[in-house]
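# Descriptive structure summary
In case you want the letters, here they are:
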Amino acid sequence: MAEENKVIIKVNDNGSLRVTGPVELVDAEGNLFEHKESFTLCRCGGSNNKPFCDGRHKSIGFKSTPRAKKE
């Protein structure tokens with residue numbers, strides 16, 4: 001896959017999901033959300049701007065630090 005077409009989703013410690021790259025984000029009805037090429041998605045459920053992160057995870061004390069299994 002060419003680097004410019006690569007999508008990366010990073011799980012931030014105690015926070016959001018950072019999405020970088022050319023991706024479409026759609027709702028349950030298939031409608032597109034407007035977004036930049038890099039954006040964050042809420043993981044804590046507390047955002048007032050869902051599905052996007054508004055930083056609320058900091059004030060509600062959201063804690064989660066998952067790690068991928070190392071081979």
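To continue, consider a nonpolar patch on the surface. Taken together, Val 7, Ile 9 and Val 23 make up a surface patch of nonpolar side chains, about 220 Å² in accessible area. Tracing the chain through its elements places Ile 9 in strand β1 (residues 8–11).

Time to look at the packing of aromatic side chains. The tally for this structure, following the rule as stated, stands at two aromatic pairs. Each ring, one from Phe 33 and one from Phe 52, has its centre 5.9 Å from the other, and the planes form 90°; the classification is edge-to-face. Of this pair, Phe 33 sits in the loop between β2 (17–20) and β3 (38–41) while Phe 52 sits in the loop between β3 and α1 (56–60), placing them 19 residues apart in sequence. A relative accessible area of 29% places Phe 33 in the partly exposed class. Judged by centre distance (5.8 Å) and plane angle (75°), the ring pair of Phe 39 and Phe 52 falls under edge-to-face. With Phe 39 in strand β3 and Phe 52 in the loop between β3 and α1, the pair connects residues that are 13 residues apart, well separated along the chain. Of the two residues, Phe 39 and Phe 52, both sit in the buried class. Put simply, the rings of Phe 33, Phe 39 and Phe 52 pair up and form one aromatic cluster.

Calculation notes
- Residues numbered from 1 in each chain as written.
- Predicted model: local features only at pLDDT ≥ 70, side-chain atom pairs only at ≥ 80, totals over all residues.
- Heavy atoms only, no water.
- Patch = residues over 30% accessible without salt bridge, like charges linked within 9 Å, V, L, I, M, F, W, Y side chains within 5 Å.
- Areas by Shrake-Rupley, 256 points an atom, 1.4 Å probe, with all protein chains shown as cover.
- Salt bridge = Lys/Arg side-chain N within 4 Å of Asp/Glu carboxyl O.
- Helix = DSSP H or I, 4+ residues; strand = E, 2+ residues; numbered from the N terminus.
- Phe/Tyr/Trp six-rings, centres within 6.5 Å; stacked < 30°, edge-to-face > 60°.
- Buried < 20%, exposed > 50% of the residue type's maximum accessible area, 1.4 Å probe, protein only.

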